[in-house]
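Structural overview for review
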Amino acid sequence: MKYVSTRGGMAPLPFCETVLMGLAPDGGLLLPERYPQIDRATLEAWRGLSYAELAFEIIRLFADDIPAQDLKGIVERAYRAETFGSEAITPIKRLHDGLVILELSNGPTLAFKDMAMQFLGQLFEYVLDKRGETLNILGATSGDTGSAAEYAMRGKRGIHVFMLSPDGKMSAFQRAQMYSLQDENIHNIAIQGMFDDCQDIVKAVQNDHAFKARHKIGTVNSINWARVVAQVVYYFHGYFRATDSNDQPVSFCVPSGNFGNVCAGHVARQMGLPIDRLIVATNENDVLDEFFRTGRYAPRGSERTYVTSSPSMDISKASNFERFVFDLMGRDGETVKRLWAEVDAGGGFQLDAETMSRVREQFGFVSGRSAHADRLATIRQVDAEDGVVVDTHTADGIKVARALRRPGETIVCLETALPAKFAETIREALDRDPPRPAGFERLESLPQRVVTLPADAGQVKALIEKTLA
Ligand SMILES: *Cc1c(COP(=O)(O)O)cnc(C)c1O
C-alpha cells in the first residue's frame, strides 16, 4: 500500500515512510492510494476477534511494510486490558431508547485520543528503533491531545516530548494529569499566554529549519495518518458490538472538531463496513455543520472561535476535512489544491448542489449542532432516564443523534471523553461532581513537574537545547 498527497504533488510512499511526516511536501495530507475492500466473508471472520486482533487485521492492510509479527507486537502492546480498563477495550452501553454509546474514553487520559495515541507511541518507538533515529516531539495543547501524547510517549526509547500549554488556562484536572508525569522524557512547559500563543511558538520553531533538523523536531498532530488508521478499528469493533449480524446497517454520530474521528468513520465506510449515515455533531463552533447544511466551507479565525463547555471541539478549521474533500472530488489533487488555495488565503469555498447531494447520498454525511443549553439538558436527561453521566462532548453527539434519528435507525454515539474531565459543567448540569474512575481520586494532590516560560519562541528553543544537551 502506497500513500499519496491530497494535493497530488508527491510520489507515492510506503506506510513507514509517512509515519514521521506531518504534511506532505506539497502541503497536502497523506491518504492511501485506495481503500482496501472488505468482503462479507472477511467481515464474518472478523466479528469474533478481540480488539487487538481486529486492530492487527485492519492496520496490516494499510501498513503492509511492517512484518506481521512486528505489527502484532505493536498492537498487542497498544491495546491491553490494563491500559483500557477491560478486555473489550471499547465496550458499548445502550440507552433506554436504543441509542448505543461506544466507550472510547477508558484509556489513561479519559478521552478517545488515547485510542490512536497509544498505537502511535508503540509505532514511533518501533520505527525509530528500526532506523536508529531519535525524535523530539514539540506540541501545543489546550488539554486532551497533549496529555494523550504524553501518556503514549512516556518512557519510550528515543523520544522526548516538549508540550506547551497555556499557563493557568486548563482545568485543575487537566493540569494535574499532564504535570504529574515524572518521566524523564516528558517536558511540560506552561506558557504565559493563550493556546494560540503556544501554537505560534510551535510554528516559529517549525519554521526554523536549521533548529528543526538539528534537534529532530516532529509533531503528533491530528493530521497524522497513523492516528486516523488506528481510529478506523473502533468503527468496526463498535459495529460488531452493536449488531447481531453483518446485514444490519448502523449509523455513527461523532462529536467533531478537527474531523479526524469522523474521517476514520468515512474510511471504514469506504472499506465496506455497513455504515448507513455518518452524523457530524458540532458545538457552537459550527463550521462543519455549516458545510454539511449549505456546501460552504469557511474556516474562521480565533476571533470568531468561541470558548465553550465542550472545549475540545472549539475548532474552526477542520484540519482533516481535506481528506474527505479529496475523495468527494474524485481524488483529483488539482481541484483540492485550488480549493485550499482559497482556504489558505483566509477565504473558503462553496460546493454546488449536485456535489452536496453526493455528500449525503453517496457518502452518507449529515450534521447537526448543539449549544450549551442543549448540552446541559442532554446531560440531565441521560442521567435521569438512564443513570449515566456523559461528558459535554458526548452530550453534543447524543443531542444531535436524537434530533436526526430516523424510525428504526441504530445510531452508535461515540463517547469522546469521560465527565470527570469536565467537572465544572457537570456540576452546573447535575449539581454534583461527576464520578471519578479508580486511580484518579488523588490526581490533583500529586507532585507536579512543569517549567513556566514567557510566550517567547527563543526561550522555548533554549530550553529544548539545554534539555537535549
Ligand atoms: C479531540 C476531541 C474531539 C474532536 O475530535 P476530532 O477528531 O478533532 O473531530 C471531540 N471530543 C473530545 C473530547 C476530544 O478530545
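Parameters and conventions
- Residues numbered from 1 in each chain as written.
- Predicted model: local features only at pLDDT ≥ 70, side-chain atom pairs only at ≥ 80, totals over all residues.
- Heavy atoms only, no water.
- UniProt positions renumbered as here; feature names shortened; annotations may be inferred.
- Near = heavy atom within 4 Å.
- Polar contact = N/O pair within 3.5 Å; in protein donor to acceptor, adjacent residues only side chain to side chain.
- Areas by Shrake-Rupley, 256 points an atom, 1.4 Å probe, with all protein chains shown as cover.
- Nonpolar A, V, L, I, M, F, W, Y, C, P; charged D, E, K, R; others polar.
- Helix = DSSP H or I, 4+ residues; strand = E, 2+ residues; numbered from the N terminus.
- Pairing = 2+ DSSP bridges.
- 1 Å grid on protein atoms, 1.4 Å probe; cavity = no way out; pocket = protein on both sides within 12 Å on 5 of 7 lines; lining within 4 Å.
- Points joined across faces, edges and corners; volume = space filled by probe spheres on them.
- Phe/Tyr/Trp six-rings, centres within 6.5 Å; stacked < 30°, edge-to-face > 60°.
- Buried < 20%, exposed > 50% of the residue type's maximum accessible area, 1.4 Å probe, protein only.
- Lys NZ or Arg CZ within 6 Å of the ring centre and 35° of its normal.
- Contact = heavy atoms within 4.5 Å.

Going by the annotation in an unreviewed UniProt entry, the name recorded for the protein is Threonine synthase, with Chromobacterium sinusclupearum given as the source organism. Here is the UniProt Catalytic activity (unreviewed entry) comment for the protein, exactly as written: "O-phospho-L-homoserine + H2O = L-threonine + phosphate".

What to know about the site of the ligand
The local shell around the ligand holds 15 residues, among which Lys113, Asp144, Gly257, Asn258 and Asn261 are the closest. Take Gly260: an N or O atom from its main chain is 3.2 Å from an oxygen atom of the ligand. Asn261 has a polar backbone atom sitting 2.9 Å from an oxygen atom of the ligand. In the complex, 96% of the free accessible area of the ligand, which totals 380 Å², lies under the protein chains. Looking at side-chain class alone, the shell around the ligand contains 5 nonpolar, 8 polar and 2 charged residues.

As for the UniProt feature "domain: Tryptophan synthase beta chain-like PALP" (unreviewed entry) in the protein
The positions that UniProt labels "domain: Tryptophan synthase beta chain-like PALP" (unreviewed entry) are, in the present scheme, residues 102-333. Regarding residues 102-333, the helix share stands at 44% and the strand share at 18%, and the terminal C-alpha atoms are separated by 34 Å.

Section: the sheet that holds strand β3 (residues 30-32)
Pairing within the open sheet is antiparallel, and its 3 strands lie in the order β2-β1-β3. Among the strands making up the open sheet, the edge pair consists of β2 (13-14) and β3. Looking at chain direction, strand β1 (residues 2-5) and β3 are connected through 3 bridges and run antiparallel. From the neighbouring strand, Val4 faces β3, where its bridge partner is Leu31.

Observations concerning the layout of surface pockets
Here the second largest pocket is characterised by a volume of approximately 260 Å³. Surrounding the second largest pocket, 17 residues form its lining, Pro108, Tyr151, Gly439, Phe440 and Leu443 being those nearest its centre. Across the lining of the second largest pocket, the residue classes tally to 10 nonpolar, 5 polar and 2 charged.

Some details on the packing of aromatic side chains
Going through the model one piece at a time under the given rule, you end up with 26 aromatic pairs. On the numbers, 4.6 Å between centres and 45° between planes, the contact of Tyr297 with Phe321 is tilted. Of this pair, Tyr297 sits in strand β12 (residues 296-297) while Phe321 sits in helix α14 (residues 321-328), and the two are 24 residues apart along the sequence. According to the relative accessible area criterion, Tyr297 is buried, its value standing at 1%. The structure contains a cluster of three or more aromatic residues connected by ring pairs, namely Phe259, Phe291, Phe292, Tyr297, Phe321, Phe324, Trp340, Phe349, Phe363 and Phe365. Taking NZ or CZ as reference, Lys72 lies 4.7 Å from the ring centre of Phe56, over its face. Over the ring of Phe211 we find Lys461, and its NZ or CZ is 5.7 Å from the ring centre.

Notes on the side chain of Asn283
With respect to the helices, strands and loops of the structure, Asn283 is situated in the loop between β11 (275-282) and α13 (287-294). A polar contact of 3.1 Å, which involves the side chain of Asn283, links it to the backbone oxygen of Ser310. Those residues in contact with Asn283, other than ones at most four positions away along the chain, are Thr308, Ser310, Met313, Asp314, Arg369, Ser370, Arg375 and Asp396.

Brief notes about the environment of Arg157
Note on placement: Arg157 falls in the loop between α7 (144-153) and β7 (159-166). Along the backbone, Arg157 and Glu125 are 32 residues apart, and their C-alpha atoms lie at a distance of 6.3 Å. Among residues more than four places away in sequence, those in contact with Arg157 are Glu125 and Asp129.

Here's the deal with the side chain of Ser251
Secondary-structure assignment places Ser251 in strand β10 (residues 250-255). Ser251 sits in the buried class, given a relative accessible area of 1%. Aside from chain neighbours lying at most four places away, what touches Ser251 is Asp276, Arg277, Ile279, Glu409, Thr410, Ile411 and Val412.

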